[in-house]
Amino acid sequence: MSIEPATLPFAARADRLTGSEIDSSTSLLQRQTHDIVRLAMGSPAAEAIPSEVLGAIAAEVYAAGAPTFDYGPTEGEAGLLDQLERFTGTGRERLLVTAGGMQGLDLVCKLFVDPGDVVAVEAPTYTNGSATIASYEGRLLEVPVDEDGLVVDALAELGDALPRPPKMIYTIPTFQNPSGKTLSLRRRGELLALAERWGAVVLEDDPYGRLAFDGSPPPSLVSLSDEAPWVLGVQTFSKIVAPGLRCGWIEAAPSVIALMIAAKQCMDTCSNVPAQLLMERFLALGEMDAHLDRLRTIYRRRKEAMMRSLAASLGPLGATWTDPGGGFFTWVSFPPPIDTRELFEAALAAGVAYIPGDAFVTGPGSTDSLRLCFASCTSARAELGVARLRDAIVARYNPA
Ligand SMILES: Cc1ncc(COP(=O)(O)O)c(C=O)c1O
């Protein structure tokens, strides 16, 4: 007897599994055989990944015998937690090692989002974050972003107009993905006060805060909140060491961490032990500050080169873009009739990949914009990619 997959008794939430266009772009690009400048995925620069050092440490870790390959404690390897305490200045009772930032987002949503709950998000926001909220059947309340990040006044107005205010606020306040914007210090205070008034949880997703090009960004919401239990931080080594290790952490109140450990135990038991041991030893080298300085220099140069390429190639077409103070992304907007979704296939054929703006919002919208990652490619490759993008636009829309 053959059963059609569509007739299987799926859970209601299966309908809400949208996946991520960002992640799918990795497979899409792997299938292409022509040369493509990859400005789509938020991958670190190849030279920013300390692969030689990690390779040498990996050899030691893998040679260490059975414990390397055994189950580990759910909260994280003790040695990695020691190092994380030093690196973050946070006590281990407030830390949980996760399989990258994504698992952190999943665990927080698992704990706080019931079907129908309203979760406020930036518009545009990180696709995987909103997809995670949707997978727990949360409803997204999209709030605009301006030069100073999330518009907290708009959030207050939108949330107060609901029968019940949002239960959670998901924000990427520093060098936001995808806009590159940073929430000002004043707004950070206002956001925390608003969340407290609503009794809402703040989920601060902060993969890029350590990658400031000049000076330092405002303090994180977690640090500003004086360990308030309703503020949770999700962090990752993906952008500052290596995404393939899938190693990140959550910072939260000890009682919340205890619940997350229970949630993680019925998810994956513990994070990958060899990857944790690798990260532990990498941190123990004591070279993280110098490593981060190097990354900031690489990414600042790449960002500056991207700004020059955009001005040369897309400025004459009437495009505008953000000039981020750190992180990986710039958000480029075009005048009508340019539609970045419609353009995507032609751009890919012309040899450049980006993420169309509508991937970062729910429903229609933002098709006048796209996200470019300036971190992954060398400046010369990025310049070529932006020129290919211009050529694809000119070929399709023939703007004057
Ligand atoms: C804002 C944001 N949050 C979370 C993640 C996921 O991080 P990880 O790759 O460690 O799961 C990313 C990765 O692009 C991101 O940009």
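Residues numbered from 1 in each chain as written. Predicted model: local features only at pLDDT ≥ 70, side-chain atom pairs only at ≥ 80, totals over all residues. Heavy atoms only, no water.

Right, let's get into the nonpolar core. Membership of the largest hydrophobic core comes to 103 residues, with the highest contact counts inside it found for Phe 237, Val 241, Tyr 299 and Leu 314. The dominant element in this core, judged by the number of residues it contributes, is helix α11 (residues 288-313), at eight residues. Built from parts of two domains, this core gets at least three residues from each of domain 1 (9-49 + 289-397) and domain 2 (51-284). In this structure Phe 237 touches Leu 84, Phe 87, Ala 242, Cys 247, Gly 248, Trp 249, Met 279, Leu 283 and Met 288, once residues within four positions along its chain are discounted. Within the second largest apolar cluster, 23 residues are counted, among which are Val 143, Ala 156, Ala 195 and Val 222. (Core = buried A, V, L, I, M, F, W, Y, C linked by side-chain atoms within 4.5 Å. Buried < 20%, exposed > 50% of the residue type's maximum accessible area, 1.4 Å probe, protein only. Helix = DSSP H or I, 4+ residues; strand = E, 2+ residues; numbered from the N terminus. Domains from an automatic or database assignment. Contact = heavy atoms within 4.5 Å.)

Turning next to the sheet that holds strand β10 (residues 320-321). Across a sheet, strands are paired by hydrogen bonds formed along the backbone, either parallel or antiparallel in direction. Taken in spatial order, the four strands make up an open sheet running β10-β11-β14-β13, and their pairing is antiparallel. In this open sheet, the two strands that pair with only one neighbour each are β10 and β13 (355-356). Strand direction decides the pairing type here: β10 and strand β11 (residues 329-333), joined by two bridges, are antiparallel. Opposite Trp 321, over in β11, you have Val 332 as the bridge partner. (Pairing = 2+ DSSP bridges.)

Spatially, β2-β9-β8-β7-β6-β3-β4-β5 is the arrangement adopted by the eight strands of the open sheet, whose pairing is mixed. Either end of the sheet is taken by a strand with one partner, and the two such strands are β2 (95-98) and β5 (149-150). When strand β8 (residues 231-236) meets strand β9 (residues 248-251), the two strands line up antiparallel, connected through four bridges. Bridge pairing in β9 places Gly 233 opposite Glu 251. Its contacts with the sheet put helix α7 (residues 185-198) on β4 (139-146), β5, β6 (168-171), β7 (201-205) and β8, and the angle it makes with β6 is roughly 155°. (Axes fitted to C-alpha atoms, helices over the stretch in contact; angles between N-to-C directions.)

Our focus in this paragraph is the domain arrangement of the protein. A common way to express how large an interface is: the accessible area buried when the components associate. Domain assignment breaks the protein into domain 1 (9-49 + 289-397) and domain 2 (51-284). Computed over C-alpha atoms, the centres of domain 1 and domain 2 are 23 Å apart. For the domain 1 and domain 2 pair, buried surface summed over both sides reaches about 3,000 Å², with 61% attributable to carbon and sulfur atoms. The interface formed by domain 1 and domain 2 holds zero salt bridges in total. (Buried area = accessible area lost by both parts, 1.4 Å probe. Salt bridge = Lys/Arg side-chain N within 4 Å of Asp/Glu carboxyl O.)

To continue, consider the layout of surface pockets. Estimated volume of the largest pocket: approximately 450 Å³. Considering the residues around the largest pocket, the lining is formed by 23 residues, among which Gly 42, Tyr 126, Ser 238, Lys 239 and Arg 246 are closest to the centre. Sorting the residues of the lining of the largest pocket by element identifies α1 (21-31) and α4 (100-112) as the ones contributing at least two each. Counting residues per element, the lining of the largest pocket draws most heavily on α4, at three residues. Across the lining of the largest pocket, the residue classes tally to eleven nonpolar, seven polar and five charged. Residue assignment places the lining of the largest pocket across two domains, with domain 1 (9-49 + 289-397) and domain 2 (51-284) each supplying three or more. Lining the second largest pocket are 20 residues, with Asp 206, Arg 210, Ser 220, Ser 223 and Gln 235 positioned closest to its centre. Mapped onto the lining of the second largest pocket, the elements with two or more residues apiece are α8 (221-224), β8 and β9. Split by residue class, the lining of the second largest pocket holds five nonpolar, eight polar and seven charged. (1 Å grid on protein atoms, 1.4 Å probe; cavity = no way out; pocket = protein on both sides within 12 Å on 5 of 7 lines; lining within 4 Å. Points joined across faces, edges and corners; volume = space filled by probe spheres on them. Nonpolar A, V, L, I, M, F, W, Y, C, P; charged D, E, K, R; others polar.)

Contacts to the ligand come from 13 residues, most closely from Asp 205, Tyr 208, Thr 236, Ser 238 and Lys 239. Contact distances for the ligand include 2.7 Å between an oxygen atom and a backbone N or O atom of Gly 101. In this structure, a nitrogen atom belonging to the ligand sits 2.5 Å away from a side-chain N or O atom of Asp 205. Isolated, the ligand exposes 390 Å² of accessible area, and the fraction of that covered by the protein chains is 93%. (Near = heavy atom within 4 Å. Polar contact = N/O pair within 3.5 Å; in protein donor to acceptor, adjacent residues only side chain to side chain. Areas by Shrake-Rupley, 256 points an atom, 1.4 Å probe, with all protein chains shown as cover.)

All right, on to the pattern of salt bridges then. Evaluation of the coordinates by the stated rule reveals 20 salt bridges. The salt bridge involving Asp 358 is made with Arg 341; its shortest N-O contact spans 2.6 Å. Of this pair, Asp 358 sits in the loop between β13 and β14 (369-373) while Arg 341 is found in helix α12 (residues 340-350), placing the two residues 17 residues apart along the sequence. Salt bridges sharing partners connect three or more residues here, namely Asp 35, Arg 381 and Arg 388.

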